[in-house]
Amino acid sequence: MRSASARRRAFRVAIGVCAAIQCVCAFGYDPAGAINPDAFKPNGERYEAAVPDTLDLAERARIAVHGLTSFLNPEKHFAPYGHVYFNGRPAYLSDFPGGPPNWGKIAEALQFARMMSGSEENLDVDAKMFEGMITDVPLNPAAPTPVSCTMAALTNLYQVDPRPELKRVIDTIAEDHVRSAQPQGDGLYYYDGPPSTNPTALGVTNYWLQVFIQGRAIRPMTRWALASNQTKYIDTCGGLARFTILPKFWESEAAPKAVTSAEHAQFNGHSHAHTQGLMGLLTYAQAANNARIKQFVRDGYEHMRSFGIARIGLFGEGCTTGDMTWLALALSVAGVGDYWDDADAYIRNHLAELQITDAARMNAANAEMPEGRGKNDTTSGPYDPANESNENAIDRCLGTFLSDSTHPTLIPEHNLLYTICCTGNCTPAMYFAWHSIAQCDDGHARINLLLNRASPWLDVDSYLPFEGKVVIRNKSAQSVAVRIPFYVDTRSVRATVNGEPHDAVWVGRYATLDNLEPTDTITLEFPLTTTTETYTLKWKQDEFWKECTDPGPDWKPLDPPAKYTFTIRGNTVIDVSPRDTGKGLPLYQRDALKAAKAPMKTVRRYVAPKMVSVFPP
Ligand SMILES: [Zn+2]
């Protein structure tokens, strides 16, 4: 285990480039009138419904709205804090290192969570935090990432509230991205320094910022090009993409000698930085219909999938779990592969586990922690009230996401803290998942994930993982195609419409039913399989969470490494053994999911009138 000072150094490296941005203002920038407080008000339809009490991303989003509006710093224009420590008592929020570089991600997360849930909790905060975010747009030409994230949030807002003042702001940011991109060969880049080959507590980060900054810029630039119909920005993204796929960034740590690893994105470096690179590349490739880059991204996704325990979405850091969920969804939407079951498994397991939803459980873990600052805090001495807060920190963080996606059964004391980035990446991944559950074109609905969802076209009630049963309450669809998960034998699926047996027509794994009436109730039932699956994990319980593919030249796994056996019903983990012990937050406390029948509850469902598209169709 590395020393606290080495870890502090690593954190400073991690935040260094991001923190350098807080100074330069964009040329000709005028944010007046861009933010309309009314644009944040959820004004969709609401109604009561009796539904199975199973994973409901809209309900998760309702909790997220609470955290995302409560954990900000009102003294600093509602900027997010950078870190939260649950491993010191009382738990506390800290801005050392800073949260503002992540402002755009948190703004985006809040938009999405409101859209999913319709929650009106702390509604006055949204416009204030957006105003704070855009009042002083920070731009560092070599590291535009914070402003790229701001651009993403503003592009979402523009899809809901397309006002000229807002367009002017986003155009200015886009032009800054164009102007500060440097030519090299046939590509464009922002930062091309030497690789960071020294081991840090995070691992060997290698060519991380180079790829990360590119990917973070390409995604909002492409989305803005499409949302505002300005194809010139797609051309800029093409240049950024050509630089991003340079072989030096994607060489593997070790590949079979007959394999050209860099052509297959078998990168060696900071995982989340590279998955963000892949996300940017795929967004561009989808918009430009670039087959070569789509293949590249698929390979990179598959490469990252061999780290940690992909079956449950354990990829080292929360950000990477969010990114891998996003990539699985986007690759499926793009038709590059069918990764719906990957996404389903990540969402139901580690993405869901990382969200803090139970204050009592976190309070119990926190009660065992020492008084004062927690382990791995980068600051010492008394609290600084201007930049830190220990007021109700656990309650204020309900709905946000933890960072340790390395330890599957217990987040140990030294990792019971989080960096704000993970909430900024996991919440949008959750939104993309929710958005992808059901879609409808010209009356033809498609259900890709068997998760609960209220939509304008139909509602989905999912009885998984208790029962192999999904009930679809039609509203306006003429036909529906339902994707049946990989663990189901499609010959065993039984369909009824209003209780009468109905033959489904199969198109691949989609069961399709047509000639539907608006009030029809469609039920699909199938036997649910429970498997026990054992996976080896070389990452160690007493180490810091893993952010890089290479933990370091001197790093060795335990001999033998840990093995975990999961009991999985469908795609949902319902138990795991052995369980790690010690101080910390136990995960997968899922005995309630072992029942054979789904409990029911009455909820107030919300149907978003307008949704934001996060990936080109
Ligand atoms: Zn993170």
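Definitions and limits used
- Residues numbered from 1 in each chain as written.
- Predicted model: local features only at pLDDT ≥ 70, side-chain atom pairs only at ≥ 80, totals over all residues.
- Heavy atoms only, no water.
- Helix = DSSP H or I, 4+ residues; strand = E, 2+ residues; numbered from the N terminus.
- Rg over C-alpha atoms; globule rule 2.2 N^0.38 Å.
- Buried < 20%, exposed > 50% of the residue type's maximum accessible area, 1.4 Å probe, protein only.
- Pairing = 2+ DSSP bridges.
- Donors = N, O, S within 2.8 Å, 3.2 Å for Na, K, Ca; no water.
- Tetrahedral: all angles 85-135°; square planar, octahedral: opposite > 155°, others 65-115°.
- Salt bridge = Lys/Arg side-chain N within 4 Å of Asp/Glu carboxyl O.
- Phe/Tyr/Trp six-rings, centres within 6.5 Å; stacked < 30°, edge-to-face > 60°.
- Axes fitted to C-alpha atoms, helices over the stretch in contact; angles between N-to-C directions.
- Left-handed = near helix turned anticlockwise from the far one by under 90°.
- Contact = heavy atoms within 4.5 Å.
- Nonpolar A, V, L, I, M, F, W, Y, C, P; charged D, E, K, R; others polar.
- Parallel < 35°, antiparallel > 145°, perpendicular 65-115°, else oblique.

S.K.: Quick question: what am I supposed to make of the overall build of the protein here?
M.R.: A tally of helices and strands in the protein yields 15 helices and 28 strands. Taken over C-alpha atoms, the radius of gyration comes to 23 Å for the protein, in line with the 25 Å a tight globule of 617 residues would show. Along the three orthogonal principal directions, the C-alpha set of the protein runs to about 65 × 55 × 55 Å. Put simply, the protein has 617 residues, and 63% of those count as buried.

S.K.: What exactly am I supposed to notice about the pairing of strand 17 (residues 469-474) here?
M.R.: Remember that side chains alternate between the two faces of the sheet whenever the strand is regular. When you tally the buried positions in strand 17, you get five out of six residues, the bulk of the element. Alignment of strand 16 (residues 458-462) against strand 17, held across five bridges, turns out to be antiparallel. Considered in strand 17, the bridge of Asp 459 is made with Arg 473. Counting the residues between successive antiparallel strands, the hairpin from strand 16 to strand 17 contains six residues. Relative to strand 23 (residues 521-525), strand 17 runs antiparallel, the two being bridged by five bridges. Considered in strand 23, the bridge of Val 471 is made with Thr 523.

S.K.: I keep staring at the coordination of the zinc ion and nothing clicks. Help me out?
M.R.: A four-donor tetrahedral metal ideally has 109.5 degree angles, and a six-donor octahedral metal ideally has angles of 90 or 180 degrees. Taken together, the protein donors to the zinc ion comprise Glu 317 (OE), Cys 319 (SG), Cys 421 (SG) and Cys 422 (SG), at separations of 2.0 to 2.3 Å. Angles of 100 to 118° at the metal separate the four donor atoms of the zinc ion, which places the site in the tetrahedral class. Here the donor residues of the zinc ion share one chain and are spaced in sequence as E-x1-C-x101-C-C. Taken as a pair, Cys 319 in helix 11 (residues 318-333) and Cys 422 in helix 15 (residues 421-437) lie far apart in primary sequence, 103 residues in all.

S.K.: Which parts of the structure should I look at to understand the pattern of salt bridges?
M.R.: Where charged atoms from two side chains of opposite charge approach closely, those side chains can pair. Evaluation of the coordinates by the stated rule reveals 36 salt bridges. Linking Arg 305 and Asp 342 is a salt bridge whose minimum nitrogen-to-oxygen distance equals 2.8 Å. Of this pair, Arg 305 sits in the loop between helix 10 (291-304) and strand 8 (316-317) while Asp 342 sits in helix 12 (residues 340-354); the two residues are 37 residues apart in sequence, bridging distant segments of the chain. Arg 305 gets classed as partly exposed once you look at its relative accessible area, which sits at 26%. Here Lys 597 and Glu 467 are joined by a salt bridge, their closest N and O atoms 3.8 Å apart. Of this pair, Lys 597 sits in the loop between strand 27 (584-586) and strand 28 (600-607) while Glu 467 is found in the loop between strand 16 and strand 17, placing the two residues 130 residues apart along the sequence. Given a relative accessible area of 14%, Glu 467 falls into the buried group. Sharing partners across several salt bridges, the network here consists of Asp 459, Asp 461, Arg 473, Lys 475 and Arg 605.

S.K.: Just checking my understanding: could you explain the packing of aromatic side chains for this structure?
M.R.: Remark: the centre distance and the inter-plane angle together describe each pair of aromatic rings, the angle taken between the planes. Tallied over the entire structure, the rule returns 20 aromatic pairs. Between Phe 40 and Phe 130 the ring centres are 4.9 Å apart and the planes differ by 55°, which places this aromatic pair in the tilted class. With Phe 40 in the loop between helix 1 (4-19) and strand 1 (45-52) and Phe 130 in helix 4 (residues 124-135), the pair connects residues that are 90 residues apart, well separated along the chain. An identical accessibility class is assigned to Phe 40 and Phe 130; each is buried. Relative to Tyr 431, the ring of Phe 112 lies with its centre 4.0 Å away and its plane at 10°, an arrangement referred to as stacked.

S.K.: Before we go on, may I ask you to explain the packing of helix 5 (residues 145-160) against helix 6 (residues 164-180) in this structure?
M.R.: At a minimum axis distance of 10 Å, the contact between helix 5 and helix 6 shows a crossing angle of 145°. The chirality of how helix 5 crosses helix 6 is left-handed. Contacts between helix 5 and helix 6 involve Val 147, Ser 148, Thr 150, Met 151, Leu 154, Thr 155, Leu 157 and Tyr 158 on the former and, on the latter, Leu 166, Lys 167, Val 169, Ile 170, Ile 173, Ala 174 and His 177. Taken together, the residues of the contact of helix 5 with helix 6 break down into ten nonpolar, four polar and one charged.

S.K.: I tried to follow the sheet that holds strand 24 (residues 530-537) on my own but got confused; where do I start?
M.R.: Backbone-to-backbone hydrogen bonds join strands into a sheet, with any given pair of strands oriented parallel or antiparallel. Here we have three strands laid out as an open sheet, ordered 24-25-26, and antiparallel in their pairing. Single-partner strands in this sheet number two, and they are strand 24 and strand 26 (572-577). Strand-to-strand twist of the sheet, defined as the mean angle between neighbouring strand axes without regard to direction, takes the value 30°. Both strand 25 (residues 562-569) and strand 26 contribute to a ladder of five bridges, which runs antiparallel. Along strand 26, the bridge assignment pairs Thr 567 with Asp 575.

S.K.: Even after reading the chapter, I still don't get the sheet that holds strand 9 (residues 388-389), so can you show me in this structure?
M.R.: Strands sit in the order 9-5-4-12 across an open sheet of four strands; the sheet is antiparallel. Whereas interior strands pair on both sides, the edge strands pair on one side only; in this sheet they are strand 9 and strand 12 (417-419). Judged from the three bridges that link them, strand 4 (residues 83-85) and strand 12 form a sheet pairing that is antiparallel. Bridge pairing links His 83 to Thr 419 in strand 12.

S.K.: Is there a simple way to think about the environment of Gly 44 in this case?
M.R.: Within the secondary structure, Gly 44 is located in the loop between helix 1 and strand 1. Take Gly 44: its relative accessible area is 17%, and that puts it in the buried class. Sequence separation between Gly 44 and Tyr 588 is 544 residues, and the spatial gap between their C-alpha atoms is 34 Å. Ignoring anything within four residues of it in the chain, the contact list for Gly 44 reads Tyr 606, Val 607 and Pro 609.

S.K.: I tried to follow the packing of helix 3 (residues 103-117) against helix 4 on my own but got confused; where do I start?
M.R.: To characterise two packed helices, one gives the angle between the axes of the helices and the distance between these axes. Between helix 3 and helix 4, the shortest axis-to-axis distance is 10 Å and the interhelical angle comes to 155°. As far as their axial angle goes, helix 4 and helix 3 are roughly antiparallel. The element helix 3 and its partner helix 4 pack so that their crossing is left-handed. Between helix 3 and helix 4, the contacting residues are Trp 103, Gly 104, Ile 106, Ala 107, Leu 110, Gln 111 and Arg 114 on the first element and Asp 126, Met 129, Phe 130, Gly 132 and Met 133 on the second. Residues of the contact of helix 3 with helix 4, tallied by class, amount to seven nonpolar, three polar and two charged.

Geometric descriptors of this kind do not, in isolation, establish any biological role.
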